[in-house]
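Structural overview
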There are 2 protein chains.
Amino acid sequence: MLNRFKSVVENVMGGIQSIPHNTEKAGNPESLEIKYAYARPDFLQLTHEEVHVSADHASRPILVPRSIERLPWNAGYAEVINGGKSKYNEDQAKAVQFMLKPPSVQPNSEDNRVLSKKKTEPVELKHITTTNLSIKNIPCTYFAIFDGHAGTGAALMAMNLLDYHVKEKLLDCIDLILSKKGLLPPQSPGAEQNSIYAATPRYGMTSKESSISVEDLVCGALEAAFVEMDNHIARERTTFRIIGGCTALVALFFMDKLYVANAGDCRAVIVKDGTSIQMSKDFTPESERQRLQYLGYLQPELLHNEFTHLDFPRRVHKKDIGKRMLYRDAQMSGWAYKTVEEGDLKFPLVFGDGKRARVLATIGVTRGFGDHDLMVHDSNIHIKPFLTPVPEVKVYDMTSCKHSEDDVLILGSDGYWDVTSNEKTVDLVLESLKHYHKGDQSRYTRLAQDLVMFARGLLKGRAWKTEGDKSASGDDITIFAIPLYRYKPLNLGKSRTSQTNSIPNS
Amino acid sequence: MLNRFKSVVENVMGGIQSIPHNTEKAGNPESLEIKYAYARPDFLQLTHEEVHVSADHASRPILVPRSIERLPWNAGYAEVINGGKSKYNEDQAKAVQFMLKPPSVQPNSEDNRVLSKKKTEPVELKHITTTNLSIKNIPCTYFAIFDGHAGTGAALMAMNLLDYHVKEKLLDCIDLILSKKGLLPPQSPGAEQNSIYAATPRYGMTSKESSISVEDLVCGALEAAFVEMDNHIARERTTFRIIGGCTALVALFFMDKLYVANAGDCRAVIVKDGTSIQMSKDFTPESERQRLQYLGYLQPELLHNEFTHLDFPRRVHKKDIGKRMLYRDAQMSGWAYKTVEEGDLKFPLVFGDGKRARVLATIGVTRGFGDHDLMVHDSNIHIKPFLTPVPEVKVYDMTSCKHSEDDVLILGSDGYWDVTSNEKTVDLVLESLKHYHKGDQSRYTRLAQDLVMFARGLLKGRAWKTEGDKSASGDDITIFAIPLYRYKPLNLGKSRTSQTNSIPNS
């Protein structure tokens, strides 16, 4: 056991590892067709040739969109490939705007179905006028970063399909959202006999039912969409070749709120008034130690008697048996002493510090999509049960203040955050923005470029160095810089014209 | 199934329930001796007769200590029995100060053992002088509230024994704590060949080992002490009659920090400068929904096919099958739609709103001690796996500011918090304290009494009413009011005399 893991761990400690995929379950994926061929994000508008050139690990060119209009709100984007860690840039990105059309206000239905109620039930119709029902299109603005590992398959799937799943899940509850906002009758959905929704009688509604907020529904839609995305990959991996896994970070602007859903170690930060508001938590083997340990404790069969769910400050040796040593159990945040037993010699479920921390000596991420067939090297121990696609969703009120042209939301992959901090990002944003005129259409593209440039640094000799001759990032680096002032508050209940204002670029 | 739970749930919904204990496992507890007879806290110095009189459910007399000197720092304490919910006052309390004597500086050892090192190892001895080693007594001040249910046994055990377990766990790591503070050589403990501790070589210490802080060790000691307390009850319940369960809230003043460890729905709040700092989180079936659901999901056998781990906004009916309904899974914070299936008709693992929420239709608390033999009514479904003794520990730096005579830590059982809030408590504290002179020895006793009086209210007709004729608390109510200015910062490394200053009443 110890020897078997030694080589894996040593490799892991080197920081760069091609994660071995067990291919037993999915047949032989080599023989399967690829669903989405390797590509860079659409809005970069790269030719085949350019995609090839962009993957130059030696010069690491920074890519920005050719046409700024291809991104909502003239948002900025820049990316650069890794320094040789993998053949392709395993980061992916998407930016898209779409309109949600509530099923209950579809053409031909708006004057009939929505307003038809059982005559016997009292319905407050004061808000329900045909004018109000013209809010038939709810605009959504969606930005996402996916950081792939051990292959490009999962990140490409997520780039192509996650926004579809988010839209589907929002459509599931849009009627209820409008009803909560007072824009549809309170009984809807479910008031009608033949509705697909379970009826929720207006009188007799539990306090729990009435306490569910619009935020709860959007958070739930994002959570469900992430789970569905992962299930989608699980299903299609027997038909198509979908290799590797990826983390996911989504920023969704919807009904005057910014929802940031994060499953992984990309990070979203709002830079505003010279300070930062972190809009996501980094999920890593270290930050998720307790969740992972708890699972290993409750389902020890997942550890195959080869790993221990207990955490020790260092590897336990045979000579430690019978002595007292600090440890942490699943539910502990602090450290206490225990007497070391034979079983404590097993390899720890979570091992290594910081960026080197690994789950089951194999993987450095704990959330995201894919990795369904990933196994511990040379074993039949599955990694996937320890990973989860469920994101944590944080919410920011877009109407909480008036945003200026210098207020931005930064989405970055870990390649950026590994060599910076929230504070440093505030400095970089302020420094960069003051060089570009507020009316300059390319202002946020240049900002994104400056941030990527900082993290990539410059090649000095054989090493990439950033400010103060510190090590720069050798990882793939991706940045969105999204100007918050471009979001126009919804004017629900007003004419349709005012709605479309909030999508100036679409 | 549905009918079987109906009566239990109806009873639960009434708010008062004598939780049935399954006695199968522990033999017949009726025949076992009681370990600790029913009593009120020592510092109240009640006679047998007075204990009896204090349990008058009709008049509900508020009890305060006869002698103020019996409590550390002239801290305030007051309690009142429930309005008839149970025969005895099921709250218990403890206040105690003790000295920690590090094993390595025990008499006869301080000039030998601690300073003896392997001659070959370089040891920084600059801080290690006999003067410094006079910090042989580390003072600890401990306050605790236990809120019992379904019997007084567990709360009485915890009142009598938890401070012992806390002390033992602190002693386990006191050498390491002193070493982290630079008051013992860095290798200690474990540097010696025959030490009971696994050696942690100074060179080659992992970054994890060196990053473990004093706070981590004290938090770990509290966590481990709570677990040990629960194990202690589990062991002794076959020998003694230990009925019921209890929540636990501990405030520990130790080495210039206040540690608040909470396992249950008692609450600790610092009132300072006219604002409140909540020092504990309320653990209830609602706040712990995700932990409980996750356990039910991972170990479905615990639910015996009678309960579902899924959460719905209302009970699911047969006619809902095939329709879409909102739900929350274990890892979701929001709500999404699912199609209702047969299995969703099972009774929910967590059901009911607010104070009426119950785990497995039985119990309204989720953390604490005891309840080892508690079963779902008329079934073989165990409740205990869903309960945990592990506390959450919050830390407050006692040296972060100079505390005034009006800065207090309030510990209260849920009987108090059910009818108040943090904000209301700030008002009550300020209003009360201005009536009593700062030099008045009974100032904090009077404060505690005023808080209990507010929550208990006055008997109007047949109901206890508080301010504005609102319902008062019919539960047992317990309050500690601890003056923070009485804590004297440690002067580590100084003479022993200055140490003992921080225990003026001991």
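Everything in this summary refers to the structure shown in the same document. (Residues numbered from 1 in each chain as written. Chains lettered and ligands numbered in written order. Predicted model: local features only at pLDDT ≥ 70, side-chain atom pairs only at ≥ 80, totals over all residues. Heavy atoms only, no water.)

A few points about the overall build of chain A
- Check the secondary structure of chain A and you find ten helices and 22 strands.
- Taken over 506 residues, chain A has a buried fraction of 57%.
- Counting only contacts in chain A whose residues sit at least 6 apart along the sequence, the fraction spanning at least 24 positions is 72%.
- Here chain A has roughly 20,800 Å² of accessible surface; of this, 50% comes from carbon and sulfur atoms. (Helix = DSSP H or I, 4+ residues; strand = E, 2+ residues; numbered from the N terminus. Buried < 20%, exposed > 50% of the residue type's maximum accessible area, 1.4 Å probe, protein only. Contact = heavy atoms within 4.5 Å. Areas by Shrake-Rupley, 256 points an atom, 1.4 Å probe, with all protein chains shown as cover.)

Here's the deal with the interface of chain B and chain A
- Contacts between the two partners involve 49 residues from chain B, matched on the other side by 49 residues from chain A.
- Looking at the side of chain B facing chain A, the largest losses of area belong to Lys208, Arg324 and Tyr337 of chain B, adding up to 16% of the total buried there.
- For aspartate 311 of chain A, the salt bridge identified is with lysine 208 of chain B, shortest N-O distance 2.7 Å.
- The interface formed by chain B and chain A includes 19 residue pairs in polar contact (both at pLDDT 80 or more).
- Those elements giving two or more residues to the side of chain B that touches chain A turn out to be helix 3 (153-180), helix 4 (207-211), helix 5 (214-236), helix 6 (289-298), strand 11 (324-327) and strand 12 (336-339) of chain B.
- Tallied by class, the residues present in the side of chain B that touches chain A amount to 24 nonpolar, twelve polar and 13 charged. (Buried area = accessible area lost by both parts, 1.4 Å probe. Salt bridge = Lys/Arg side-chain N within 4 Å of Asp/Glu carboxyl O. Polar contact = N/O pair within 3.5 Å; in protein donor to acceptor, adjacent residues only side chain to side chain. Nonpolar A, V, L, I, M, F, W, Y, C, P; charged D, E, K, R; others polar.)

Description of the sheet that holds strand 21 (residues 470-471) of chain A
Residues and elements named next belong to chain A.
- Spatially, 19-20-21 is the arrangement adopted by the three strands of the open sheet, whose pairing is antiparallel. The sheet is open, and its two edges are formed by strand 19 (458-460) and strand 21, each paired on a single side.
- As defined by bridge partners, strand 19 adjoins strand 20 (residues 463-466) across three bridges and the pair is classed as antiparallel. Of the residues in strand 20, the one forming a bridge with leucine 458 is lysine 465. (Pairing = 2+ DSSP bridges.)

Topic: the pattern of salt bridges
Residues and elements named next belong to chain A.
- Here the structure, examined in full by the defined rule, presents 56 salt bridges over all chains.
- The salt bridge partner of aspartate 475 is lysine 85, with a shortest N-O separation of 3.0 Å. One end of the pair, aspartate 475, is in the loop between strand 21 and strand 22 (477-483); the other, lysine 85, is in the loop between strand 2 (76-80) and strand 3 (91-100), and 390 residues separate them in sequence.
- Between arginine 235 and glutamate 228 there is a salt bridge, with its nearest N and O atoms 3.4 Å apart.

So, the state of the cysteines
Residues and elements named next belong to chain A.
- Counted under the stated rule, the structure contains zero disulfides over all chains.
- Free of any disulfide, cysteine 140 has its nearest cysteine sulfur in cysteine 173, 10 Å distant.
- By relative accessible area, cysteine 140 is classed as buried at 0%. (Disulfide = S-S within 2.5 Å.)

With respect to unusual backbone geometry
Residue and element names in this part refer to chain A.
- The phi angle at alanine 150 is positive, at roughly 60 degrees, despite the residue not being glycine.
- Among the structural elements, alanine 150 can be located in the loop between strand 4 (138-149) and helix 3 (153-180).
- With a phi close to 50 degrees, leucine 360 is a non-glycine residue in the positive phi region.
- Positionally, leucine 360 belongs in the loop between strand 15 (358-359) and strand 16 (369-370).

Quick notes on helix 3 of chain A
Residue and element names in this part refer to chain A.
- Taking 1.5 Å of rise per residue, the 28 residues of helix 3 would be expected to cover 40 Å, and the 39 Å separating its terminal C-alpha atoms lies within 8% of that figure.
- If you look at helix 3, its biggest bend is around 50 degrees, right at cysteine 173.
- With 21 of 28 residues buried, helix 3 lies mostly within the body of the structure.
- Positive backbone phi, at 80 degrees, marks glycine 182, one or two positions downstream of helix 3. (Expected span 1.5 Å × (residues − 1). Bend = angle between axes of the 7 residues up to and from the residue.)

Details of the packing of helix 3 of chain A against helix 5 (residues 214-236) of chain A
All names here are of chain A.
- Between helix 3 and helix 5, the least distance of the axes is 8 Å, while the angle of their chain directions is 145 degrees. Between helix 3 and helix 5 the crossing geometry is right-handed.
- Its residues assigned to classes, the contact of helix 3 with helix 5 shows 20 nonpolar, two polar and four charged. (Axes fitted to C-alpha atoms, helices over the stretch in contact; angles between N-to-C directions. Left-handed = near helix turned anticlockwise from the far one by under 90°.)

Some remarks on the relation of the copies chain B and chain A
- Mapping chain B onto chain A is achieved by rotating through 180 degrees and translating by 0.0 Å along the same axis, at an RMSD of 0.0 Å. Here the two chains are linked by the operation of a two-fold rotation axis. Nearest to the rotation axis, the C-alpha of leucine 298 of chain B is located 3.5 Å from it, this being the minimum over chain B.
- A shared binding surface is used by both copies, with 100% of the interface residues of chain B retained as interface residues in chain A. (Least-squares fit on C-alpha atoms with pLDDT ≥ 70 in both.)

Notes on the side chain of glutamate 223 of chain A
- If you trace the backbone, glutamate 223 of chain A turns up in helix 5.
- Those residues in contact with glutamate 223 of chain A that lie beyond four places of it in its chain are Pro391 and Val393 of chain A together with Gln331, Met332, Ser333 and Gly334 of chain B.

Brief notes about the packing of aromatic side chains
Residue and element names in this part refer to chain A.
- Tallied over the entire structure, the rule returns 31 aromatic pairs over all chains.
- Look at phenylalanine 43 and tyrosine 77: their rings are 4.7 Å apart centre to centre, the planes differ by 80 degrees, and that puts the pair in the edge-to-face class. With phenylalanine 43 in the loop between strand 1 (33-34) and helix 2 (48-54) and tyrosine 77 in strand 2, the pair connects residues that are 34 residues apart, well separated along the chain. In terms of burial, phenylalanine 43 and tyrosine 77 fall into one category: buried. (Phe/Tyr/Trp six-rings, centres within 6.5 Å; stacked < 30°, edge-to-face > 60°.)

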